[in-house]
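Residue strings, one per chain:
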Amino acid sequence: MFDVLIIGMGAAGYTSAIYAARYKLKTLIVGLEDGGMGLTAAEVGNWPGTIEIKGPDLMENFKKHAQSFEEVTQKVARVEKVEKIAGGFRLTFQSGETAEGKTLILATGSQKRHLGVKGETEFSGKGVTYCATCDAFFYRGKTVAVIGGGDSAVEGAAIAAQVAAKVYLVHRRSAFRAEPYWEERLKSMKNVMFVLERNLVEILGDAKVTGIRIDKPFEGSDQLAVDGVFIEIGSDPSVDLGVQIGCALDERGFLKVDDGMATSVAGVFGAGDATSASNHFAQFVTAAGEGAVAANGVFSFIQSAGANA
Ligand SMILES: Cc1cc2nc3c(=O)[nH]c(=O)nc-3n(C[C@H](O)[C@H](O)[C@H](O)COP(=O)(O)OP(=O)(O)OC[C@H]3O[C@@H](n4cnc5c(N)ncnc54)[C@H](O)[C@@H]3O)c2cc1C
């Protein structure tokens, strides 16, 4: 039996693993993909101590650090089921294999929101994707639309504009909710067209995307010819496994945690974008900080369970 099972191989999960290992806890870290959301961050300019680093390189550093401890076992797999057993918890993976641990850290991050417009499902993977920074490279010299007005949309549009011939940034409001750094950078790019106060209503195409339809005309037409559409309208916390095991959620649907990152279920801790902590400020540095606190909580929990045994 492991001392701690960590679900999530992002900044939160890996930091928990590093701290747990330094507490000499036998640790299993599992994730659907190794690196989490950090893999999609093109440039990270706010990881303290490093002026600039690419997201995948940052995540590689997290992974190497965790791998340097013999206490840490890594596994890339989907966790289908979490259950309470005598003395701890059991995970069941998609393959049917299981793993057991005395405590659990849910560092399951978030998943990209879908718009639900006509053509979105039909053209998903045929020009419609949910990560501009990951997929912009495939649209060199082409025209793309980025939908949204937050950090992901504005950064995504700026990255796309470096390779695409033209980028339409379609946003339902007149102002963005993005870091001024990215907004300023985007506004200085000549090939970006700001399609503001407009909603995307349909994605058009035949075998693949050929255009989008918006609810109000832009430069005289409600249709824009594009080769790709990046939907960047935010994310929802991945809380299914927490709900399975009875963890309470906050009013916004995030895993409810206390100051020690403990959830409402004894022995289960949360960390990162999936939780209510850090004022919902979803960043590498907050995810990592919460991961450290969660591992500290696990250590105290195991110690007090031992003292009471
Ligand atoms: C385009 C983009 C750019 C960004 N740029 C920055 C930036 O410059 N600076 C900054 O601070 N932040 C940035 N962020 C935010 C930052 O990436 C996140 O806040 C951070 O990565 C969250 O880490 P996390 O560990 O909480 O979650 P994640 O990294 O999302 O990790 C969640 C993990 O849980 C796993 N998981 C979920 N469900 C299951 C399951 N059922 N079974 C197995 N595994 C599961 C996933 O596979 C994944 O490994 C950016 C985000 C995006 C999208």
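Residues numbered from 1 in each chain as written. Predicted model: local features only at pLDDT ≥ 70, side-chain atom pairs only at ≥ 80, totals over all residues. Heavy atoms only, no water.

**Brief notes about the overall build of the protein**
Then, number 1: When you go through the protein residue by residue, the secondary structure sums to seven helices and 17 strands.
Then, number 2: Over its C-alpha trace the protein gives a radius of gyration of 21 Å, about what one expects of a compact globule, namely 19 Å for 309 residues.
Then, number 3: Overall size of the protein, expressed as C-alpha extent along the three principal axes, is 75 × 40 × 35 Å.
Then, number 4: For the protein, the residues scored as buried account for 51% of the 309 residues in total. (Helix = DSSP H or I, 4+ residues; strand = E, 2+ residues; numbered from the N terminus. Rg over C-alpha atoms; globule rule 2.2 N^0.38 Å. Buried < 20%, exposed > 50% of the residue type's maximum accessible area, 1.4 Å probe, protein only.)

**Observations regarding the layout of surface pockets**
Then, number 1: Counted as a void, the second largest pocket has a volume near 160 Å³.
Then, number 2: Surrounding the second largest pocket, Thr15, Ile18, Trp47, Leu58, Asn61, Phe62, His65, Ala288 and Gly289 form its lining.
Then, number 3: Every element with two or more residues in the lining of the second largest pocket is listed here: α1 (11-22), α2 (55-67) and α7 (284-308).
Then, number 4: With four residues, the top contributor of residues to the lining of the second largest pocket is α2.
Then, number 5: Residues of the lining of the second largest pocket, tallied by class, amount to five nonpolar, four polar and no charged. (1 Å grid on protein atoms, 1.4 Å probe; cavity = no way out; pocket = protein on both sides within 12 Å on 5 of 7 lines; lining within 4 Å. Points joined across faces, edges and corners; volume = space filled by probe spheres on them. Nonpolar A, V, L, I, M, F, W, Y, C, P; charged D, E, K, R; others polar.)

**Some thoughts on the domain arrangement of the protein**
Then, number 1: Domain boundaries in the protein define domain 1 (2-112 + 235-308) and domain 2 (128-231).
Then, number 2: Listed by partner, the interface residues are six residues for domain 1 and ten residues for domain 2.
Then, number 3: Three residues stand out in domain 1 for area buried against domain 2, namely Thr40, Glu43 and Lys112, and they jointly supply 71% of the buried area on that side.
Then, number 4: The tally of links between domain 1 and domain 2 comes to one salt bridge.
Then, number 5: Among the ionic pairs, Glu43 bridges to Arg185, the shortest N-O distance being 3.0 Å.
Then, number 6: Run the count over domain 1 and domain 2 and you get three residue pairs in polar contact (both at pLDDT 80 or more).
Then, number 7: Across the side of domain 1 that touches domain 2, the residue classes tally to two nonpolar, two polar and two charged. (Domains from an automatic or database assignment. Contact = heavy atoms within 4.5 Å. Buried area = accessible area lost by both parts, 1.4 Å probe. Salt bridge = Lys/Arg side-chain N within 4 Å of Asp/Glu carboxyl O. Polar contact = N/O pair within 3.5 Å; in protein donor to acceptor, adjacent residues only side chain to side chain.)

**What about the sheet that holds strand β9 (residues 143-147)?**
Then, number 1: Read from one edge of the open sheet, five strands run β8-β15-β9-β10-β11, paired in parallel fashion. Two strands close off the open sheet at either side, each with one partner strand: β8 (128-129) and β11 (192-196).
Then, number 2: Where β9 and strand β15 (residues 228-231) come together, four bridges link them in parallel fashion. Note on β15: the bridge partner recorded for Val144 is Gly228.
Then, number 3: Across the sheet, helix α4 (residues 151-161) touches β9, β10 (166-171), β11 and β15, and the angle it forms with β10 is around 170°. (Pairing = 2+ DSSP bridges. Axes fitted to C-alpha atoms, helices over the stretch in contact; angles between N-to-C directions.)

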